[in-house]
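Here is what each chain is made of, one letter per residue.
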Amino acid sequence: CATLQRKLSTQVLSASSAGQAGSGQSHPIWLPWVMSALGPRAGALSLMVFSASDKALRSFTQQLLKHSARLWMFYVHLLLLYTMAVSCGFFSASPVEALNKQMSQASGATPP
């Protein structure tokens, strides 16, 4: 059984060379851990998900780098999202304070 697992592990690792995980890296560094913890099927599935998403993200990045207008639109988009996220944090009450207020009103006590 262990021999078959090693054989399958070798096949999965050699088949993963199509989706490069980094410079000179033929498979993700976490793949052996996934395969030992969850089994070869989970390792193969996680490798397929990783390869597909890695390929899509690399393609998206290359498209951004080819067109400077798209790159700037992406930067502005990130700036707007971060601005909105920060402003939500400034203008909304803390969830803990709101929960404490509700708890004190339910018990009839005055809030601190």
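Note: the structure precedes this text.
Residues numbered from 1 in each chain as written. Predicted model: local features only at pLDDT ≥ 70, side-chain atom pairs only at ≥ 80, totals over all residues. Heavy atoms only, no water.

S.K.: Even after reading the chapter, I still don't get the overall build of the protein chain, so can you show me in this structure?
M.R.: Helix and strand counts for the protein chain stand at 5 helices and 0 strands. Tracing the protein chain from N to C terminus, the helices and strands come up as α-α-α-α-α. The burial tally for the protein chain puts 15% of its 112 residues in the buried class. Counting only contacts in the protein chain whose residues sit at least 6 apart along the sequence, the fraction spanning at least 24 positions is 28%. (Helix = DSSP H or I, 4+ residues; strand = E, 2+ residues; numbered from the N terminus. Buried < 20%, exposed > 50% of the residue type's maximum accessible area, 1.4 Å probe, protein only. Contact = heavy atoms within 4.5 Å.)

S.K.: Which parts of the structure should I look at to understand helix α5 (residues 95-107)?
M.R.: An α-helix turns once per 3.6 residues; consequently, residues spaced three or four apart project the same way. Here α5 spans 18 Å end to end across 13 residues, near enough to the 18 Å set by a 1.5 Å rise per residue. With its phi angle positive at about 85°, Gly108 sits one or two positions after the end of α5. (Expected span 1.5 Å × (residues − 1).)

S.K.: Mind showing me how you'd approach the packing of aromatic side chains here?
M.R.: For any two aromatic rings, the description comes down to two numbers: the centre-to-centre distance and the angle of the planes. According to the stated counting rule, one finds 3 aromatic pairs in the structure shown. Centroid distance Trp30 to Phe50: 5.6 Å. Interplanar angle 85°. Geometry classified as edge-to-face. Of this pair, Trp30 sits in the loop between α1 (2-15) and α2 (31-38) while Phe50 is found in helix α3 (residues 40-66), placing the two residues 20 residues apart along the sequence. Seen from their ring centres, Phe60 and Phe74 are 5.7 Å apart, and the 70° between their planes marks the pair as edge-to-face. One end of the pair, Phe60, is in helix α3; the other, Phe74, is in helix α4 (residues 68-91), with 14 residues separating them in the sequence. On the basis of relative accessibility, which here comes to 26%, the residue Phe74 falls in the partly exposed class. (Phe/Tyr/Trp six-rings, centres within 6.5 Å; stacked < 30°, edge-to-face > 60°.)

S.K.: Quick question: what am I supposed to make of the environment of Leu31 here?
M.R.: Topologically, Leu31 is positioned in helix α2. Sequence separation of Leu31 and Gly43 is 12 residues, and the distance between their C-alpha atoms is 6.3 Å.

S.K.: I keep staring at α2 and nothing clicks. Help me out?
M.R.: Burial in α2 covers these residues: Leu31, Val34 and Met35. Buried residues along α2 cover an arc of 95° about the axis, so they all sit on one side. Summarising the geometry of α2, the exposed residues directed more than 90 degrees from the buried face are Trp33 and Ser36. Following α2 by one or two positions, Gly39 has its phi on the positive side, about 105°. (Arc of directions from axis to C-beta.)

S.K.: It is not clear to me how a nonpolar patch on the surface should be interpreted in this structure. Could you clarify?
M.R.: A cluster of nonpolar side chains, contributed by Leu45, Met48 and Val49, occupies part of the molecular surface with about 320 Å² of accessible area. With respect to the helices and strands, Met48 occurs in helix α3. (Patch = residues over 30% accessible without salt bridge, like charges linked within 9 Å, V, L, I, M, F, W, Y side chains within 5 Å. Areas by Shrake-Rupley, 256 points an atom, 1.4 Å probe, with all protein chains shown as cover. Salt bridge = Lys/Arg side-chain N within 4 Å of Asp/Glu carboxyl O.)

S.K.: Whenever I open this one, the side chain of Ser104 confuses me. Can you help?
M.R.: In this fold, Ser104 is placed in helix α5. When its relative accessible area of 9% is taken as the criterion, Ser104 is described as buried. A polar contact is formed between the side chain of Ser104 and the backbone oxygen of Lys101, at a distance of 2.9 Å. (Polar contact = N/O pair within 3.5 Å; in protein donor to acceptor, adjacent residues only side chain to side chain.)

S.K.: Please explain the pattern of salt bridges as it appears in this structure.
M.R.: Two side chains that carry opposite charge are able to pair once their charged atoms sit near each other. Counted by the stated rule, this structure contains 1 salt bridge. Here Arg58 and Asp54 are joined by a salt bridge, their closest N and O atoms 2.9 Å apart. In this pair, Arg58 and Asp54 are both assigned in helix α3, 4 residues apart and thus about one turn of the helix distant. Residue Arg58 is classed as partly exposed on the basis of its relative accessible area of 42%.

The quantities given are spatial measurements derived from coordinates; they are silent on function.
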